[in-house]
Amino acid sequence: MTSTQTTTHIEPPPRYLPNSKNPCWRHEDRVLCVPYFFLIGVSKSGTTDLFSRLTSHPEVIRSLKETHFFDRRRYDRNMLFPKYVNWFRGTARRVQEDIRKQGHSRVICGDGSPSYFYDNYFWKLYSGNENCTEPRVILAHHLFHLNPRLKIVMIIRHPVDRLYSRYLFDFGKLERNFPPSPEEFHDFVLRVQENVYPVLMEDWLRVVPRDQFLFIRYEDYRQDMGRELRKIFRFLRLDPLSDKQLRKTTFLKIKNPGKWKRSPMLPETRQILQEFYQPFIRRFAAILNDRRFLWED
C-alpha cells in the first residue's frame, strides 16, 4: 500500500497470521500489525477519553490514538504505509512474543481517529475516483480492504450539544481576551457538516456490514461508563474485567475535558438548531433501527 502525489495505489492486504486475534503478518524475521478495531465518531463526543479507558484493558496494547493516516497524513504529508504500521510496533512485539511462548496471541490494538467517519477531503486522490465528480470510493473502503473482519466502535453525541461543545473547544484555540458566550455562538455556528450523521452513515453501511459496528451514545457513556465499557469489551471479544478492575478504569482522570466553563446555550439558538437537525436525527435512528438515537430521553 503506497501513496503518490496524484492517487493512492491499493495493494492486496497481507496474509494475516491465523494464531493472532489482531491482524498481523510475518515480514522476514519480524511480525507487523495493523489495528483490530477503529474508534470513530465526531469531535467532542468523548473519543479521547474512551480510547484511553479502552487501552487500559490488559488485552489492548496502547498506541497513538489519532494516526489520521487514512484521511490526511498519507496525502498532505505523503506518508507511506510502513510508517503507519510502525505505530503499532508495540503490539507486533507482544504478538510475536505471545506466539513464541504459547503458540497464539489474544492482544489487540486500535486506531482512534474519529475523523475517519466524516473526513473525505482528499477523496479525489483515492484509487477508483479518477475523473469522478463525486466519490465512488470512500475511506471506509480502505479500512475494509485492509481488514474485512474489522470492528468499529462509534460514539455519537446529540448534534446540537456536540456543535456547542465544538464551538467552545475551537474558541480556546483563538487568542481572545474574553471568554466564549452563548450570544456569540448564536451568531457564529460552525462545523455543521460533522453533524449530518445519516448521510455519512449510509455511505459506511454500503461498505461495512452492520454487525461489525457498535454504536455508543456519548450521553449513555457519561451516565454509566462502566456499563458502556462492558458492552464495548464484549463487542471486541475481550475478557471481562473484574468489578475492581472496572472501577479502577472508570475512576481514571477524564481526558481532553473542555477548557471553558460552559454557559447554557441560548434557548432560541437551541430551537433553531433542533429544528434544523431533527430530520437528520430521525433518519439516523431509522438507519440504525435504534430509537435511542432519537435522543428523546
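Scroll up to find the structure.
Residues numbered from 1 in each chain as written. Predicted model: local features only at pLDDT ≥ 70, side-chain atom pairs only at ≥ 80, totals over all residues. Heavy atoms only, no water.

Participant: Is there a simple way to think about the overall build of the protein chain in this case?
Facilitator: Along its length, the protein chain carries 12 helices and eight strands. Classification of the 297 residues of the protein chain by burial places 53% in the buried group. Carbon and sulfur atoms make up 52% of the accessible area of the protein chain, which amounts to about 15300 Å² in all. (Helix = DSSP H or I, 4+ residues; strand = E, 2+ residues; numbered from the N terminus. Buried < 20%, exposed > 50% of the residue type's maximum accessible area, 1.4 Å probe, protein only. Areas by Shrake-Rupley, 256 points an atom, 1.4 Å probe, with all protein chains shown as cover.)

Participant: Help me understand the packing of helix α10 (residues 225–235) against helix α11 (residues 243–250) in this model?
Facilitator: Think of two packed helices as two axes; the pair is described by the angle between the axes and how far apart they sit. In contact at an axis separation of 10 Å, α10 and α11 are set at 115° when each is read in the N-to-C sense. Relative to α11, the element α10 is oriented roughly perpendicular. Between α10 and α11 lies a crossing whose hand is right-handed. Across the interface between the two elements, Met-225, Gly-226, Leu-229, Arg-230 and Phe-233 from α10 touch Asp-243, Leu-246, Thr-249 and Thr-250 from α11. The class makeup of the residues in the contact of α10 with α11 is four nonpolar, three polar and two charged. (Axes fitted to C-alpha atoms, helices over the stretch in contact; angles between N-to-C directions. Parallel < 35°, antiparallel > 145°, perpendicular 65-115°, else oblique. Left-handed = near helix turned anticlockwise from the far one by under 90°. Contact = heavy atoms within 4.5 Å. Nonpolar A, V, L, I, M, F, W, Y, C, P; charged D, E, K, R; others polar.)

Participant: Any chance you could explain the sheet that holds strand β7 (residues 151–156) here in plain terms?
Facilitator: What links the strands of a sheet is backbone hydrogen bonding, and the strands pair in either a parallel or an antiparallel sense. Read from one edge of the open sheet, four strands run β6-β5-β7-β8, paired in parallel fashion. Among the strands making up the open sheet, the edge pair consists of β6 (110–111) and β8 (213–217). Across two bridges, the pairing between strand β5 (residues 37–41) and β6 is parallel. Within β6, the position partnered with Phe-38 by the bridge is Asp-111. Against the sheet, helix α1 (residues 47–54) touches β5, β6 and β7, its axis set at about 160° to β5. Sheet contacts for helix α8 (residues 197–205): β5, β7 and β8; angle to β8, the most-contacted strand, approximately 160°. (Pairing = 2+ DSSP bridges.)

Participant: Would you explain the state of the cysteines in this entry?
Facilitator: In protein chemistry, a disulfide is the covalent bond that joins the sulfur atoms of two cysteines. Counted by the stated rule, this structure contains one disulfide. Cys-24 shares a disulfide with Cys-33; S-S distance 2.1 Å. What sets the handedness of the Cys-24 and Cys-33 disulfide is the S-S torsion sign, and at about 105° it is right-handed. For Cys-24, a relative accessible area of 0% translates into the label buried. Residue classification places Cys-33 among the buried residues on the basis of a relative accessible area of 0%. Cys-109 forms no disulfide, and the closest cysteine sulfur to it belongs to Cys-33, at a distance of 6.1 Å. (Disulfide = S-S within 2.5 Å.)

Participant: Please clarify how the nonpolar core should be interpreted in this entry.
Facilitator: Most often, soluble globular proteins keep nonpolar side chains buried together rather than apart. Core analysis: the largest hydrophobic core is formed by 56 residues, its most contacted members being Tyr-84, Tyr-116, Phe-117, Met-201 and Trp-204. The dominant element in this core, judged by the number of residues it contributes, is helix α12 (residues 267–288), at six residues. Beyond its immediate chain neighbours, meaning those up to four positions away, Met-201 contacts Phe-117, Met-154, Phe-213, Phe-215, Phe-284, Ile-287 and Leu-288. Phe-37, Ile-155, Leu-236 and Leu-241 belong to the second-largest nonpolar core, a separate cluster that totals 23 residues. (Core = buried A, V, L, I, M, F, W, Y, C linked by side-chain atoms within 4.5 Å.)

Participant: Sorry if this is basic, but what is going on with the pairing of strand β4 (residues 30–33) here?
Facilitator: On a regular strand, one side chain projects to one face of the sheet and the next to the other, so that they alternate. In this sheet, β4 lies alongside strand β3 (residues 24–27) in antiparallel orientation, the contact comprising four bridges. Across the sheet, residue Trp-25 finds its bridge partner in β4, namely Leu-32. Where β3 folds back on β4, the antiparallel hairpin that results is connected by two residues, among which Glu-28 adopts a positive phi of roughly 60°.

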